[in-house]
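Notes for the structure review
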Amino acid sequence: MLWDYHNMHHELRPCDVGIGLGSHDLGVAIIATDLYHRGLYPLLVFTGANAPTTTERFPRGEAVHYAEYAIEHGVPTDAVSVEPTATNTQQNFERTRQLLNTRRTNVRSAIVMSRPYQQRRAYATAEKLWPELDVICASNPQSLDDYVRSIGDVHKVINMLVGDTQRITVYAQKGFANPQHVPTAVETAYLHLIDAGYTSRLLHT
């Protein structure tokens, strides 16, 4: 239920730029590279420093490792930009926008790529911070079971799903993102998972 809720189910179309949000999930770099080769954008920006969960896997920083993957898989170096300092989704958008403005690159539309359960939060954040940008969300296409296998830790994935569901409401209340409708069935599933002990990624509010 939560997995499907966070997927925005957007239809892909050509945009001015692709923006890959840093995380522990190399799938962001994989889908970003694939969509570049499919001609969906001429410019690709990866944004992200490190979080405690990514330092070991991406010691040079999330965006740097993503860019290296893209270039190693055929994306031209001059089509890839790196924003290596953002440590949260708000900074991802703010600093990517600053980078593009500094380079006088005018963009009106973007495909924003993230781990699958971050799509809705990324969309809500972009709407709030960059309202004039037409945003389409995308992730490496996988079923929940396949994603769990790729991460290798079912409890980690469920905890992250629960945490991102909470952040949809909390971040809107704090003014970090635009509000999103949470269907009753999603709220019920979220509460059941909390009752089952999946609380490690919850914010203490």
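Small disclaimer: the values here were computed from a predicted structure and weren't measured.

1. Looking at the pairing of strand β1 (residues 17-21)
- The element β1 is extensively covered by neighbouring structure, given that 5 of its 5 residues are classed as buried.
- Burial along β1 is two-sided: the face carrying Val17, Ile19 and Leu21 and the face carrying Gly18 and Gly20 are both buried.
- With 4 bridges connecting them, β1 and strand β4 (residues 109-113) associate as parallel partners. Within β4, the residue paired with Gly18 across the bridge is Ile111.
- Pairing between β1 and strand β2 (residues 44-47): 4 bridges, direction parallel.

2. Quick word on the nonpolar core
- Counting 24 residues, the largest nonpolar core has Leu35, Tyr41, Leu44, Phe46, Ile111 and Met113 as its most contacted members.
- When contributions to this core are tallied by element, the ones reaching two or more residues are α2 (27-37), β2, α3 (62-72), β4 and β5 (134-138).
- Broken down by element, the residue count for this core peaks at 6 residues, all from α2.
- Discounting chain neighbours no more than four positions away, the residues touching Tyr41 are Cys15, Asp16, Val17, Gly18, Ile31, Ala32, Leu35, Tyr36, Ile111 and Met113.

3. What to know about helix α7 (residues 154-173)
- With 20 residues, α7 should reach 28 Å at 1.5 Å per residue; the first-to-last C-alpha distance of 29 Å fits that figure.
- Of all bends in α7, the biggest is about 30°, found at Arg167.
- One or two positions beyond α7, positive phi appears at Gly175, with a value near 85°.

4. Overview of the packing of helix α6 (residues 144-151) against α7
- Relative to each other, α6 and α7 sit at 120°, their axes nearing to 8 Å. Between α6 and α7, the interaxial angle falls into the category oblique. Crossing of α6 over α7 shows right-handed handedness. Residue-level inspection shows Leu144, Tyr147, Val148 and Ile151 of α6 in contact with α7, the latter providing Val154, Lys156, Val157 and Leu161.
- Across the contact of α6 with α7, the residue classes break down as 7 nonpolar, no polar and 1 charged.

5. Here's the deal with the environment of Thr184
- With respect to the element layout, Thr184 can be found in helix α8 (residues 184-195).
- The exposure class of Thr184 is exposed, given its relative accessible area of 65%.
- In this structure, the C-alpha to C-alpha distance between Thr184 and Tyr69, residues 115 residues apart in sequence, is 40 Å.

6. A closer look at the packing of aromatic side chains
- This structure, assessed with the given rule, holds 6 aromatic pairs.
- Aromatic side chains Trp3 and Tyr147 sit 5.3 Å apart centroid to centroid with 45° between the ring planes, which places their arrangement in the tilted category. In this pair, Trp3 sits in helix α1 (residues 2-6) while Tyr147 sits in helix α6, placing the two residues 144 residues apart along the sequence.
- The exposure class assigned to Trp3 is buried, which follows from its relative accessible area of 15%.
- Arranged with centres 6.1 Å apart and planes meeting at 80°, the rings of Tyr117 and Tyr147 form a pair that is edge-to-face. Taken together, the residues Tyr117 in the loop between β4 and α5 (119-129) and Tyr147 in helix α6 connect sequence positions 30 residues apart. As far as burial versus exposure is concerned, Tyr117 and Tyr147 are alike and both buried.
- Taken together, the ring pairs in this structure connect Trp3, Tyr117 and Tyr147 into an aromatic cluster.
- The ring of Tyr5 carries the charged tip of Arg120 above its face, separated from the ring centre by 4.2 Å.

Calculation criteria
- Residues numbered from 1 in each chain as written.
- Predicted model: local features only at pLDDT ≥ 70, side-chain atom pairs only at ≥ 80, totals over all residues.
- Heavy atoms only, no water.
- Buried < 20%, exposed > 50% of the residue type's maximum accessible area, 1.4 Å probe, protein only.
- Helix = DSSP H or I, 4+ residues; strand = E, 2+ residues; numbered from the N terminus.
- Pairing = 2+ DSSP bridges.
- Core = buried A, V, L, I, M, F, W, Y, C linked by side-chain atoms within 4.5 Å.
- Contact = heavy atoms within 4.5 Å.
- Expected span 1.5 Å × (residues − 1).
- Bend = angle between axes of the 7 residues up to and from the residue.
- Axes fitted to C-alpha atoms, helices over the stretch in contact; angles between N-to-C directions.
- Parallel < 35°, antiparallel > 145°, perpendicular 65-115°, else oblique.
- Left-handed = near helix turned anticlockwise from the far one by under 90°.
- Nonpolar A, V, L, I, M, F, W, Y, C, P; charged D, E, K, R; others polar.
- Phe/Tyr/Trp six-rings, centres within 6.5 Å; stacked < 30°, edge-to-face > 60°.
- Lys NZ or Arg CZ within 6 Å of the ring centre and 35° of its normal.

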